[in-house]
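Chain residues, written in single-letter form:
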Amino acid sequence: MPDTPITNVSTRALEVFVSLAGTGSLQDTARTLGMSASTASQQIRKLEAALGYALIDHARRPLEPTPAGYTYLLHVRKALGQLRQGAIAASLTDLSSLQRLRLGIIDDFDSEVSPRLITTLVATLARCELSLLTAPSNQILAALAARKLDFGVAARADETSEGIIEAPLLRDPFVVAVPRGRLAEPPSSLQALAELPFLRYGEQHFLGRQIATELAWRSLNLAGRISLDSNQAMFGLIAAGEGWTITTPLGFASARRFRNRVDLHPLPFTGFSRVISLYRADGWSDDVLAIIAESLRESLRERIVAPNVASRPWLADVLTTVS
């Protein structure tokens, strides 16, 4: 059997194929990848022509891979993951001479993003004394202000201390989280959820304060006797059918063991989101900030944005990395 040609296969075409396999829609794939639907379709056709067989059943709606496409998809996902990791590792070699790095990361990153980043840093910075603080945003920013950290990943605050420089990473929209199967369609108003208790995030954290401020501005009084500062406890209660909350896709992603018992829906109003950023303290160059920021954005695209948009296409325009 002759070798399958791969010289005419582009990485972009492979990205389109993986996205299309998840969304089932050329329009959603194009929006996610920042191209036109016709360009996305062209990429798929060129990939199929290069390989010599169909990857997508173009007669079905939604679109889905052929049997051969499903087999190819498994290998493409692994290959793209290796390519991304290689790009991140190559960019981090510019940091190989560092002697010490103190990094703080928001606890929402703990299950999906932090492990990969730390593994890459440890492998690359072989002679560096590396320490990691996992904590809520307010603690990360306080440690940066006290010069106890060199870099920190946290939700954007209204104000930051003098000398702290920001590089935005992710726009994380607020959404509704309810017990699995409780809503057949997105709520037309928050009052439509009144049969379930509203579970509040504690206002000692940025997330809780931001939600409380937005609700007050909209004159929405949501009664709820339970206030929590633990994301895991929050999603545990929702999974058990004990209430609903306003949260974000990133918060949902961090509650891995409860995700198959919780549904996300858009809020009945738009324009409400938070920004997650990388911050640096004095004494560090913007070049180092940019290298770490881009490695984080790449992980966020792969681990947070892509899977969420694939399963919930309505997030395509609102859950995005920020350059």
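Overview of the overall build of the protein
When you go through the protein residue by residue, the secondary structure sums to ten helices and 13 strands. For 323 residues, the compact-globule estimate of 2.2 N^0.38 gives 20 Å, and the C-alpha radius of gyration of the protein, at 21 Å, lies within 12% of that figure. In terms of overall dimensions, the protein has C-alpha extents of about 65 × 55 × 30 Å along its principal axes. Counting across all 323 residues of the protein, residues that qualify as buried make up 49%. Partitioning the contacts of the protein with sequence separation of at least 6, the portion at a separation of at least 24 is 74%. Roughly 15,700 Å² of accessible area belongs to the protein as shown, and the carbon and sulfur atoms make up 51% of that amount. A gap of 3 Å separates the mean positions of the 33 positive and 32 negative side-chain charges of the protein.

A closer look at the pattern of salt bridges
Going through the model one piece at a time under the given rule, you end up with twelve salt bridges. Among the ionic pairs, Arg301 bridges to Glu294, the shortest N-O distance being 3.2 Å. What makes Arg301 partly exposed here is its relative accessible area of 27%. The class for Glu294 is partly exposed, based on a relative accessible area of 33%.

Structural notes on the sheet that holds strand β5 (residues 151-155)
The strand order across the open sheet formed by six strands is β4-β3-β5-β12-β6-β13, and the pairing between neighbours is mixed. The sheet terminates laterally at β4 (129-135) and β13 (320-321), the two strands that pair on one side only. Against the sheet, helix α6 (residues 137-145) makes contact with β3 (100-106), β4, β5 and β12 (273-280), and its axis sits at roughly 145° relative to β5, the strand it touches most. Where helix α10 (residues 286-311) meets the sheet, its contacts fall on β5, β6 (165-173), β12 and β13, and the angle it forms with β6 comes to roughly 10°.

Concerning the packing of aromatic side chains
Throughout the structure, instances matching the rule amount to five aromatic pairs. Considering the side-chain rings of Phe17 and Tyr72, the 6.0 Å spacing of their centres and the 35° angle between planes classify their relative orientation as tilted. Taken as a pair, Phe17 in helix α1 (residues 11-23) and Tyr72 in helix α4 (residues 67-92) lie far apart in primary sequence, 55 residues in all. The pair Phe17 / Tyr72 is uniform in exposure class, with both members buried. What links up through ring pairs into an aromatic cluster is the set Phe174, Phe269 and Phe272. Sitting over the face of the ring of Phe269, Arg218 holds its NZ or CZ atom 3.9 Å from the ring centroid.

Criteria and thresholds
- Residues numbered from 1 in each chain as written.
- Predicted model: local features only at pLDDT ≥ 70, side-chain atom pairs only at ≥ 80, totals over all residues.
- Heavy atoms only, no water.
- Helix = DSSP H or I, 4+ residues; strand = E, 2+ residues; numbered from the N terminus.
- Rg over C-alpha atoms; globule rule 2.2 N^0.38 Å.
- Buried < 20%, exposed > 50% of the residue type's maximum accessible area, 1.4 Å probe, protein only.
- Contact = heavy atoms within 4.5 Å.
- Areas by Shrake-Rupley, 256 points an atom, 1.4 Å probe, with all protein chains shown as cover.
- Lys, Arg positive; Asp, Glu negative; His and termini not counted.
- Charge placed at Lys NZ, Arg CZ, Asp CG, Glu CD.
- Salt bridge = Lys/Arg side-chain N within 4 Å of Asp/Glu carboxyl O.
- Pairing = 2+ DSSP bridges.
- Axes fitted to C-alpha atoms, helices over the stretch in contact; angles between N-to-C directions.
- Phe/Tyr/Trp six-rings, centres within 6.5 Å; stacked < 30°, edge-to-face > 60°.
- Lys NZ or Arg CZ within 6 Å of the ring centre and 35° of its normal.

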